[in-house]
Amino acid sequence: MRKIVLMMSVSLDGYIEGPNREIDWHRVDAELHQHFNDLIKQFGALMSGRVTYELMASYWPTADKDPEASPQEIEFAGIWRNMPKVVFSRTLERGTGHTTVVREVVPEEIRALKAQEGGDLALGGADIAAEFLRLGLVDEIRLYVHPVLIGAGKPLFPESEAPTDLRLVETRTFGNGVALLRYERDTTAGAEGA
């Protein structure tokens with residue numbers, strides 16, 4: 001069965017964007033961008049909310065036409081254009097290319113999507129991630145922690161009614177100081193006393 005993998009870049013103090021939605025503090029260099037390309041092209045689909053989708057759709061469909069684009073950006077533009085995308089939105093009428101718009105997160109439909117053949121499903125965007133986490137639909141979390149404190153903005157994780165047990169399965173430090181922390185849901189936590 002395919003996994004749902006939440007992938008997000010965060011500041012060291014836990015924000016995904018600044019107070020004015022800025023992400024200019026991201027430290028994406030050639031090494032990290034190539035890592036993203038190599039990872040994302042293995043996924044079966046990209047899932048996000050409308051805001052994340054529109055941010056990506058405003059740049060990546062034609063990024064490879066930019067004469068200033070790096071080789072990694074040129075490669076990612078093709079990956080993004082050709083990758084199936086699922087956008088969860090009540091307001092977006094339609095997406096471009098290989099995009100399906102879904103109005104609600106229905107757990108049974110997500111489980112059916114996970115049961116299909118193909119690569120794992122990448123999830124991006126804080127609001128939709130919060131809904132998936134609340135419903136217990138996230139199997140893995142990949143946090144890319146950037147070496148910067150931004151002080152304010154939108155946190156990745158909202159307040160929760162109950163803890164979610166995770167197990168650290170990988171760490172990696174990139175040359176620019178970004179640290180990958182990869183966690184899987186720990187389905188055994190709490191079972192010791194049962």
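Because the structure is predicted, anything quoted here is derived from the model rather than measured.

### Focus on the overall build of the chain
A tally of regular secondary structure across the chain gives 5 helices and 10 strands. The globule rule puts the C-alpha radius of gyration for 194 residues at 16 Å, and the 17 Å found for the chain is close to it. Going through the 194 residues of the chain one by one, you find that 40% of them count as buried. Sequence-distant contacts in the chain: of pairs separated by 6 or more residues, those separated by 24 or more amount to 71%. Taken as a whole, the chain presents about 10,700 Å² of accessible surface, with 52% of it coming from carbon and sulfur. Both charge centroids of the chain, one from 21 positive and one from 30 negative side chains, sit 4 Å from each other.

### Description of unusual backbone geometry
One non-glycine residue, arginine 21, lies in the positive phi region at around 70°. Take arginine 21: it is sitting in the loop between β2 (15–17) and α1 (30–40).

### A look at helix α4 (residues 107–115)
Those residues of α4 that fall on the buried side of the exposure criterion are Pro107, Ile110, Leu113 and Lys114. Along the axis of α4, the buried residues cluster in a sector spanning 120°; they form a single face. Among the structural elements, β1 (4–11), β3 (45–49), β4 (85–88), β6 (121–124) and α5 (126–134) are those in contact with the buried residues of α4.

### Structural notes on the sheet that holds strand β10 (residues 179–185)
Read across the open sheet, the 8 strands follow the order β5-β4-β3-β6-β1-β7-β10-β9; overall the sheet is mixed. Two strands close off the open sheet at either side, each with one partner strand: β5 (99–102) and β9 (166–173). Between one strand and the next, the sheet's axes are offset by a mean angle of 20°, whatever the strand orientation. One ladder, built from 6 bridges, connects strand β7 (residues 140–146) with β10; its direction is antiparallel. Looking across to β10, one finds that glutamate 140 is bridged to glutamate 184. Most of the contacts of α1 go to β7, to which it runs at about 170°, and overall it touches β1, β3, β7, β9 and β10.

### Structural notes on the packing of aromatic side chains
Geometry of an aromatic ring pair is reported as the spacing of the ring centres plus the angle between the planes. Under the criterion given, the structure shown has 6 aromatic pairs. Ring centres of phenylalanine 88 and phenylalanine 132 lie 5.5 Å apart, and the angle between their planes is 75°; this geometry places the pair in the edge-to-face category. Of the two residues, phenylalanine 88 is situated in strand β4 and phenylalanine 132 in helix α5; the sequence distance between them amounts to 44 residues. Residue class for phenylalanine 132 comes out buried when judged on its relative accessible area of 0%. Ring geometry for tyrosine 144 against phenylalanine 174: centres 6.4 Å apart, planes inclined by 40°, an arrangement best described as tilted. Placement of tyrosine 144 in strand β7 and of phenylalanine 174 in the loop between β9 and β10 is noted, with a sequence separation of 30 residues between them.

### Focus: the environment of threonine 173
Relative to the elements of secondary structure, threonine 173 occurs in strand β9. On a C-alpha basis, the gap between threonine 173 and arginine 81 in space is 29 Å, while along the polypeptide they are 92 residues apart.

The rules we used
Residues numbered from 1 in each chain as written. Predicted model: local features only at pLDDT ≥ 70, side-chain atom pairs only at ≥ 80, totals over all residues. Heavy atoms only, no water. Helix = DSSP H or I, 4+ residues; strand = E, 2+ residues; numbered from the N terminus. Rg over C-alpha atoms; globule rule 2.2 N^0.38 Å. Buried < 20%, exposed > 50% of the residue type's maximum accessible area, 1.4 Å probe, protein only. Contact = heavy atoms within 4.5 Å. Areas by Shrake-Rupley, 256 points an atom, 1.4 Å probe, with all protein chains shown as cover. Lys, Arg positive; Asp, Glu negative; His and termini not counted. Charge placed at Lys NZ, Arg CZ, Asp CG, Glu CD. Arc of directions from axis to C-beta. Pairing = 2+ DSSP bridges. Axes fitted to C-alpha atoms, helices over the stretch in contact; angles between N-to-C directions. Phe/Tyr/Trp six-rings, centres within 6.5 Å; stacked < 30°, edge-to-face > 60°.

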